[in-house]
Amino acid sequence: MDLDKNILATLNPKSLELILYPTEQCNFRCTYCYEDFLIGRMDEKTQEGIRNLIGRRLPKLDNLHLQWFGGEPLAAKDLVLGLSEFAKKACDQAGVNFSGALTTNGYLLTLDLAEKLCGLNQRNYQISLDGFEAGHDKTRKLASGAGTFNRIWSNLLALKDSTLDFNVTLRVHLTKENVSSVKRLAEEIKQTFLSDSRFKVFLKTIENLGGPNDTSGVLLSKSERLTTIAELNELLNEKTVSKSDNGTYVCYASRPNSLAIRADGTIQKCTVMLSDDRNSVGKINENGTVELDSERMNLWMRGYSDDKKILSCPAVGLPKLPNLIPIVSAS
């Protein structure tokens, strides 16, 4: 198999990506969410393990990237800021490039917090919207049931009016029920944000990813999806991003140098298949060492030695492992 530059970059041992769950709780209860919120804030042993892991790996790294996930990572903003500050200081001392990104619902991303995050090189944000105001508020609700759009939109406007150096990807979710609202949203986004190069749009159809919520009734068919995305691209003047914009897309779950560390110290590869034992590939210890199951790791990296199409989503067709013994977390 010929390896293009994108694939080769994911095999660079001098780069490390850590996907961190500072908390697996969330202030939202989106109607299609696949998470169960059974794990709370990241425990102290796992935090210490991450600090020690960074210290162990830095001498051999050129690049360290933190990707914050959850739950809602900013529901534990003190932990995000604390670990980011530690990592930035360590990277500055070691001469290692340091960057970071957050997958956040945007509700808690105030300008003051964004200033602190940007000061720690945590400058990239993916924020989801499900339509304009009423349309969004039907599906992306607070745990109390209240709507969330106006607060998120206000935070986005504050970011736009600032001089901060950041990148925001507005992840616009599409369902059978919100097409008209999303079209209104697209018009507002174009008018308000797309003259600013710091903002981009990513169109994403809702899928059935498991969990407690049944999404089957709102999923777009393939033809509906293609038609809707084409119409929205026209409204947005095609200022959207996609996974295939820059050659072969290699999912983080395929990459050997990307590890997702959950709040209890379990190491996984995929941020969706949370309860699947095949996804739990190891654990992090308090001293910063990691214990990885090579057989499970190979499942996720099989695209490098098999069909490279697998690299874009190794969860699809993930093989079974006989006699799989669950991995006990470090906590």
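Treat the numbers as computed from the prediction; the structure is a model and nothing was measured. (Residues numbered from 1 in each chain as written. Predicted model: local features only at pLDDT ≥ 70, side-chain atom pairs only at ≥ 80, totals over all residues. Heavy atoms only, no water.)

K.L.:
When you look at the packing of aromatic side chains in this model, what are you seeing that I'm missing?
P.N.:
As enumerated under the stated definition, the model contains 8 aromatic pairs in all. Between Phe193 and Phe199, the aromatic rings sit 4.8 Å apart at their centres with planes inclined by 40 degrees, giving tilted as the arrangement. Note on accessibility: Phe193 and Phe199 belong to one class, buried. Clustering of aromatic rings is evident, with ring pairs tying together Phe132, Phe149, Trp153, Phe166, Phe193 and Phe199. (Phe/Tyr/Trp six-rings, centres within 6.5 Å; stacked < 30°, edge-to-face > 60°. Buried < 20%, exposed > 50% of the residue type's maximum accessible area, 1.4 Å probe, protein only.)

K.L.:
Mind showing me how you'd approach helix 2 (residues 44–57) here?
P.N.:
End to end, helix 2 covers 20 Å across 14 residues, agreeing with the expected 20 Å (1.5 Å per residue, within 8%). Here helix 2 has its buried residues at Thr46, Gln47, Gly49, Ile50, Leu53 and Ile54. Looking straight down helix 2, one finds its buried side chains confined to an arc of 160 degrees; they lie on one side. Exposed side chains of helix 2 directed beyond 90 degrees from the buried face belong to Glu44 and Lys45. Against the buried residues of helix 2 lie strand 1 (15–20), strand 2 (63–68), helix 3 (77–94), strand 7 (258–261), strand 9 (280–284) and strand 10 (290–292). Of the residues that open helix 2, the one with a side-chain oxygen 3.2 Å from the backbone nitrogen of Lys45 is Asp43. (Helix = DSSP H or I, 4+ residues; strand = E, 2+ residues; numbered from the N terminus. Expected span 1.5 Å × (residues − 1). Arc of directions from axis to C-beta. Contact = heavy atoms within 4.5 Å. Polar contact = N/O pair within 3.5 Å; in protein donor to acceptor, adjacent residues only side chain to side chain.)

K.L.:
So what exactly am I meant to see when it comes to the nonpolar core here?
P.N.:
One broad rule of soluble globular proteins: the nonpolar side chains tend to lie buried together. Leu18, Leu64, Leu156 and Ile189 are the most contacted members of the largest nonpolar core, which totals 94 residues. Per-element accounting of this core gives the leading share, 7 residues, to helix 3. In contact with Ile189, not counting residues within four places along its chain, are Leu129, Trp153, Leu170, Val172, Leu194, Val201 and Leu236. (Core = buried A, V, L, I, M, F, W, Y, C linked by side-chain atoms within 4.5 Å.)

K.L.:
Please explain the pairing of strand 9 as it appears in this structure.
P.N.:
Within a regular beta strand, the side chains point alternately toward one face of the sheet and then the other, so they alternate between its two faces. The buried fraction of strand 9 is high, at 4 of 5 residues. Pairing of strand 8 (residues 266–268) with strand 9, which is carried by 3 bridges, proceeds in the antiparallel orientation. Across the sheet, Ile267 pairs through a bridge with Gly282, a residue of strand 9. From the end of strand 9 to the start of strand 10, which pair antiparallel, there are 5 residues, and Gly288 there has a positive phi angle of about 95 degrees. (Pairing = 2+ DSSP bridges.)

K.L.:
What is the right way to read the sheet that holds strand 8 from this model?
P.N.:
Sheets are built from strands that pair by backbone hydrogen bonding, the pairs being arranged parallel or antiparallel. The sheet built from 10 strands is open, its strands ordered 6-5-4-3-2-1-7-8-9-10 with mixed pairing. Edge strands, defined here as strands with exactly one partner in the open sheet, are strand 6 (199–205) and strand 10. Strand after strand, the sheet turns through a mean of 25 degrees between neighbouring axes, direction not considered. Bridge analysis of strand 1 against strand 2 gives 6 bridges, and the strand direction is parallel. Bridge pairing in strand 2 links Leu18 to Leu66. (Axes fitted to C-alpha atoms, helices over the stretch in contact; angles between N-to-C directions.)

K.L.:
Could you clarify how one ought to interpret unusual backbone geometry in this entry?
P.N.:
The phi angle of most residues is negative, glycine excepted, and most peptide bonds adopt the trans form. Cis peptide bonds are those with omega within 30 degrees of zero, and the linkage from Gly70 to Gly71 qualifies with 15 degrees. Tracing the backbone shows Gly71 in the loop between strand 2 and helix 3.

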